[in-house]
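So you can see what is in the structure, the chains are spelled out below.
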Amino acid sequence: MKDVGPRALGHRYGPSMRALILYGPGDLRLAEIPTPEPGQGEIVVAVDAALTCATDAKMLSRGTHPSLGPLPAPFGHEGAGTVVAIGHGAHGISVGDAAVIANSAPCGRCEWCVRGREGLCEQITYLTGMFAEFIRVPAAIVAHNVMVRPPDLAPELAALAEPVACGVRAATRSAARAGESVVVLGGGLQGQVLCAVLARRGCQVILCDPHLEHRASARRMGAWRVDDAPRDAAGLARVLAQTPGGRGAHATFAAVGDARVWESAVALTRPGGEVNFHGGPAPDDVLRLPASRLHYEEITLQASYHHTPTAIRQAVAMIADEPELFASLLGPEIGLEEVADALVSGGPKRIVRPRHAPTGPA
Ligand SMILES: [Zn+2]
Ligand SMILES: [Zn+2]
């Protein structure tokens, strides 16, 4: 490995850097903090692109999430960049490499990891802090969930690996087969990814969302049909009428963290079918379901949270396969100072360039 210094790569790698720090609910501040140095097994990456995510918006308004450390906490969990420093004992990646960095790594040894449920790992190492010029990547993530980026894959597309992996993981849990009917409620990023994965499996996907641009996007991702969100009995009847025999979908995904939508998902599922709850509800959200239908119609309820190392790799391959399609899910570019407003206003994923005005080699 040739020892290329950070300066030779054109990155400003001075003693301090700009980073967004979450102090509490609604309190996100742009701060000047010390530039990280890699410890044992760690690497430091210059963030070339980060992405805003609906989960960031939730973290900002609630001030809490399983993946956030104690506040004040570094913020932003989807990003990709260039390795600028390597700690002792970090293997498999070199200074100058473009990297895909997952926002977590499971321990690989606990009860849940052994059963392939790595998203539930109780010793999971999470990573936030992508909304910064540089990020230190913990040793566990370097060892299990950092990959050299495929050539020609833009950093903003590499940064999509994390959210796409969550959708891939949810679709993987489903038994829906080619030719079967799948309803996806919610056309945000997760709904779009579910649509892409399940359409490529040969499922007839009906995606429901109130926004016309989400429906148009779902068409591009491979939806068989698109419709408005079913908000009442008439809406549910309208969507049911599009499923085989009007009996409901073989699989229904609630790609929104809202208990009312989850109840609609159960109502749209046929006897013997399955429902996947995918989307983080508020801590006090309560679900009311028709118990007799669940029993007499053998409806399977499942949920999916987070991703696995396998799903991350499948996501990278999928994005690299159809880069233009996935690029269509991204909105405009912004700088660090615009992230808080973008999260509050919602809308498409923004591409965040932490070094908006690069100062070049010092
Ligand atoms: Zn995310
Ligand atoms: Zn584990």
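Residues numbered from 1 in each chain as written. Chains lettered and ligands numbered in written order. Predicted model: local features only at pLDDT ≥ 70, side-chain atom pairs only at ≥ 80, totals over all residues. Heavy atoms only, no water.

**Notes on the coordination of the zinc ion (ligand 1)**
- Bound to the zinc ion (ligand 1) on the protein side are Cys-53 (SG), His-77 (NE2) and Glu-78 (OE), at distances that span 2.0 to 2.4 Å.
- Ordering the donors of the zinc ion (ligand 1) by residue number gives the pattern C-x23-H-E. Within this pair, whereas Cys-53 is found in the loop between β3 (43-51) and α1 (54-62), its partner Glu-78 is found in strand β5 (residues 78-86), the two being separated by 25 residues in sequence. Comparing Cys-53 with Glu-78, the two get one shared label, buried. (Donors = N, O, S within 2.8 Å, 3.2 Å for Na, K, Ca; no water. Helix = DSSP H or I, 4+ residues; strand = E, 2+ residues; numbered from the N terminus. Buried < 20%, exposed > 50% of the residue type's maximum accessible area, 1.4 Å probe, protein only.)

**Focus on the coordination of the zinc ion (ligand 2)**
- On the protein side, the zinc ion (ligand 2) has Cys-107 (SG), Cys-110 (SG), Cys-113 (SG) and Cys-121 (SG) as donor atoms, found 2.3 to 2.4 Å from it.
- Each of the four donor atoms around the zinc ion (ligand 2) contributes to a set of angles spanning 102 to 116 degrees, which defines the coordination as tetrahedral.
- Classification of Cys-113 as buried rests on a relative accessible area of 8%. (Tetrahedral: all angles 85-135°; square planar, octahedral: opposite > 155°, others 65-115°.)

**Looking at the packing of aromatic side chains**
- Counted under the stated rule, the structure contains two aromatic pairs.
- Summarising the aromatic geometry, the rings of Trp-262 and Phe-277 are spaced 4.5 Å apart at their centres and angled 15 degrees between planes, so their arrangement reads as stacked. One end of the pair, Trp-262, is in helix α9 (residues 259-267); the other, Phe-277, is in strand β15 (residues 269-277), with 15 residues separating them in the sequence. Here Trp-262 and Phe-277 have matching classes, each one buried. (Phe/Tyr/Trp six-rings, centres within 6.5 Å; stacked < 30°, edge-to-face > 60°.)

**Section: helix α7 (residues 212-221)**
- If you check which residues of α7 are buried, you get Arg-215, Ser-217, Ala-218 and Met-221. Projected down its long axis, α7 carries its buried residues within an arc of 160 degrees, all on one side. Residues of α7 that are exposed and angled more than 90 degrees away from the buried face: Leu-212 and Glu-213.
- Against α6 (189-200), β12 (204-208), β13 (225-227) and α12 (323-327) lie the buried residues of α7. (Arc of directions from axis to C-beta. Contact = heavy atoms within 4.5 Å.)

**Comments concerning the sheet that holds strand β1 (residues 16-24)**
- Read across the sheet, three strands follow the order β2-β1-β4 without closing on themselves; strand pairing throughout is antiparallel. Two strands lie at the open edges of the sheet, namely β2 (27-34) and β4 (73-74), each paired on one side alone.
- Note: β1 against β4, two bridges, orientation antiparallel. Across the sheet, the residue bridging to Ile-21 is Pro-74, located in β4. (Pairing = 2+ DSSP bridges.)

**As for the pattern of salt bridges**
- Tallied over the full model, the rule gives 13 salt bridges.
- Two residues, Glu-180 and Arg-177, come together in a salt bridge whose shortest N-O distance is 3.6 Å.
- Linked through salt bridges whose partners overlap, the residues forming this network are Glu-156, Glu-333 and Arg-353. (Salt bridge = Lys/Arg side-chain N within 4 Å of Asp/Glu carboxyl O.)

**Details of the packing of helix α5 (residues 161-173) against α6**
- At a minimum axis distance of 8 Å, the contact between α5 and α6 shows a crossing angle of 55 degrees. Judged on the interaxial angle alone, α6 and α5 are oblique. Pair α5 / α6 crosses with right-handed handedness. Contacts between α5 and α6 involve Pro-163, Val-164, Cys-166, Gly-167, Val-168, Ala-170 and Ala-171 from the former and Leu-189, Gln-190, Val-193, Leu-194, Val-197 and Leu-198 from the latter.
- Along the lines of polarity and charge, the residues of the contact of α5 with α6 split into 11 nonpolar, two polar and no charged. (Axes fitted to C-alpha atoms, helices over the stretch in contact; angles between N-to-C directions. Parallel < 35°, antiparallel > 145°, perpendicular 65-115°, else oblique. Left-handed = near helix turned anticlockwise from the far one by under 90°. Nonpolar A, V, L, I, M, F, W, Y, C, P; charged D, E, K, R; others polar.)

**A word on the confidence of the model for the chain**
- Across the chain, the average pLDDT comes to 93, with 95% of residues at or above 70.
- Ignoring residues within four places in sequence, the model shows residues 1-8, a span with pLDDT below 50, making 10 contacts including any to other chains. (pLDDT = per-residue confidence, 0-100.)

**Concerning the domain arrangement of the chain**
- The domain boundaries assigned to the chain delineate domain 1 (6-160 + 329-352) and domain 2 (165-303).
- The distance between the C-alpha centroids of domain 1 and domain 2 comes to 30 Å.
- The interface of domain 1 with domain 2 comprises seven residues on the first partner and nine residues on the second.
- Together, the buried faces of domain 1 and domain 2 total about 600 Å²; carbon and sulfur atoms form 54% of this surface.
- Taken as a group, Arg-62, Arg-117 and Leu-329 account for 68% of the area that domain 1 buries against domain 2, more than any other trio of residues on that side.
- Between the two partners, domain 1 and domain 2, sit zero salt bridges.
- Here domain 1 is connected to domain 2 by one residue pair in polar contact (both at pLDDT 80 or more).
- Of the residues that constitute the side of domain 1 that touches domain 2, the class distribution is two nonpolar, one polar and four charged. (Domains from an automatic or database assignment. Buried area = accessible area lost by both parts, 1.4 Å probe. Polar contact = N/O pair within 3.5 Å; in protein donor to acceptor, adjacent residues only side chain to side chain.)

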